[in-house]
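# Structure assessment
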Amino acid sequence: MVCYENIEYASLSDVGVRRSHNQDAYAIVPAGDAEQWQSRGHLFLVADGMGAHAVGELASKLAVDAIPHIYAKHAQEGPLVALRRSFLETNVTIHTRGQQNRDFQGMGTTATALLLRPEGAWIAHVGDSRAYRVRAGSIEQLSFDHSLVWELARRQHISPNELQHIPSNVIVRSLGPEPLVQIDIEGPHPLESGDLFLLCSDGLTGPVSDREIGVIVSVLPPAEACRLLVDLANLQGGPDNITVLIVRVGEVAPRSGAPRAAASPASATWYERLPWPLLALFLGIVLALGAIALTYNDWPGGMPMFLLATIALVCGMVGLLVQSHADKSATEPPPEMSPLRVHRRETCAIDLPYVQRIAKALSTLETRIREQGWEASWSECRRHEEEAERRQKSGELTAACREYCRAMHVLTEAYERYRPRGEIFKPLWETMVK
Ligand code: CA
């Protein structure tokens, strides 16, 4: 079970390069103590508003305010019910507000929630913001995009990547436009030590690839990873608002509901280790045979021994029934459970060619900044680069990648400070991902 304080998280929301308003919003509502961890867990939420400027902002703000509040109110009814109610009631609130004013018509927002609880992670989701899990060298998308592209791909049984000609920004489901909306709720995804979760708006996933996201989240602490991801999206032209929220799960102890077979024998008490129902049945049979022998030979004590045999046999059979029921319930999933799905998975393992590509991308960006005569913290950049080269030589690829990312951050900061608005630095990205 994860202790309630055993997580680390960070978040960042940025207006981007092209937009004047930030219509994204997010909320973080951690459990305040062990009791709250058990009863409600930690709730994280990202929302991306739609509509004319103020309307989109209002919609996403309503979502991040209302969803945690309604969830907390109904948390005792279980995560599935509480999450569904929080999304449905918030949809009604936004829809009603949208009907009050002509300017507010079509007001809507995406909403993607991550709920961490002792039994695992729950995802509740509407729209095309995303929830990812990064684990063991893979980045997995846990949310289904409610976009035209993904819906068409689902109907045609093909990958969304094969529908490049369809505009990616058309979304088919969101909170607000309709009085009723279908909510995707999935979980619990059991937690493992070191699991990383990332929620984000499409301002990140448009410009930055899944693999890049996975690598950066794997090598940098959450706050640094948020910063670099936002910088990279902006480096690509920052066409939209960018919101990133990263959660790192610490050490996870075995779950209390784990199958008995998985428990160490030393941790079981003596009566749990003893197969007492079988012993009782054996004793019952021995006593019954004894009773038959006594009765057959007309010796006294046959009847009491027969009664004892009956008691032992009944106890043994009841014991067997109880144990088999307990074993079954220990291996069964919790009753409140929806299907466990990973909608897309990509490797984000760090190998030597990949580290070399990042190093090359870094030197391309460095050349570009020097050519322009822009100021950057060159000594800091060089320090990270040298450390990266040293780590790379000694085969510590993750550490090398981390230092290259840190050097990259120094340069993206400089680039953002000086570059003309709207300029896109394509070569960097193409060098990095190809
Ligand atoms: Ca957006």
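The structure we're discussing is the one just above.
Here's what I pulled together on the structure shown here. Not measured: the values here are computed from a predicted model.

We now examine the overall build of the protein chain. Secondary structure summary: the protein chain contains 14 helices and 12 strands in total. In the protein chain, which comprises 434 residues, the share counted as buried stands at 48%. Counted over contacts in the protein chain with a minimum sequence separation of 6, partners at least 24 positions apart contribute 74%.

What follows is about the pairing of strand β7 (residues 130–135). Most of β7 is tucked away: 6 of the 6 residues are buried. Side chains of β7 alternate between two faces, with Arg130, Tyr132 and Val134 and Ala131, Arg133 and Arg135 buried alike. With 5 bridges connecting them, β7 and strand β10 (residues 196–200) associate as antiparallel partners. Bridged to Tyr132 within β10 is Leu198. Across 4 bridges, the pairing between β7 and strand β8 (residues 138–141) is antiparallel. Paired with Val134 across the bridge in β8 is Ile139.

All right, on to unusual backbone geometry then. Cis geometry is found at the peptide bond from Gly187 to Pro188, where omega equals 0°. Its place among the elements puts Pro188 in strand β9 (residues 184–189). Notably, Ala136 is not glycine yet its phi reads approximately 50°, a positive angle. Within the element layout of this structure, Ala136 appears in the loop between β7 and β8. Phi angles above zero are rare outside glycine, and His157 is one such case at about 55°.

Looking now at the sheet that holds strand β12 (residues 344–347). By definition, the strands of a sheet pair up through backbone hydrogen bonds, in either a parallel or an antiparallel sense. Pairing within the open sheet is antiparallel, and its 6 strands lie in the order β1-β11-β10-β7-β8-β12. Looking at which strands have only one partner, the edges of the open sheet turn out to be β1 (7–14) and β12. Pairwise comparison of adjacent strand axes, ignoring direction, gives a mean angle of 15° for this sheet. The sheet contact formed by β1 and strand β11 (residues 242–249) spans 8 bridges and is antiparallel. The residue of β11 that forms the bridge with Ser11 is Leu245. Packed onto the sheet, helix α6 (residues 210–219) meets β7, β8, β10, β11 and β12 and runs at close to 55° relative to β7.

Basis of the calculations
Residues numbered from 1 in each chain as written. Predicted model: local features only at pLDDT ≥ 70, side-chain atom pairs only at ≥ 80, totals over all residues. Heavy atoms only, no water. Helix = DSSP H or I, 4+ residues; strand = E, 2+ residues; numbered from the N terminus. Buried < 20%, exposed > 50% of the residue type's maximum accessible area, 1.4 Å probe, protein only. Contact = heavy atoms within 4.5 Å. Pairing = 2+ DSSP bridges. Axes fitted to C-alpha atoms, helices over the stretch in contact; angles between N-to-C directions.

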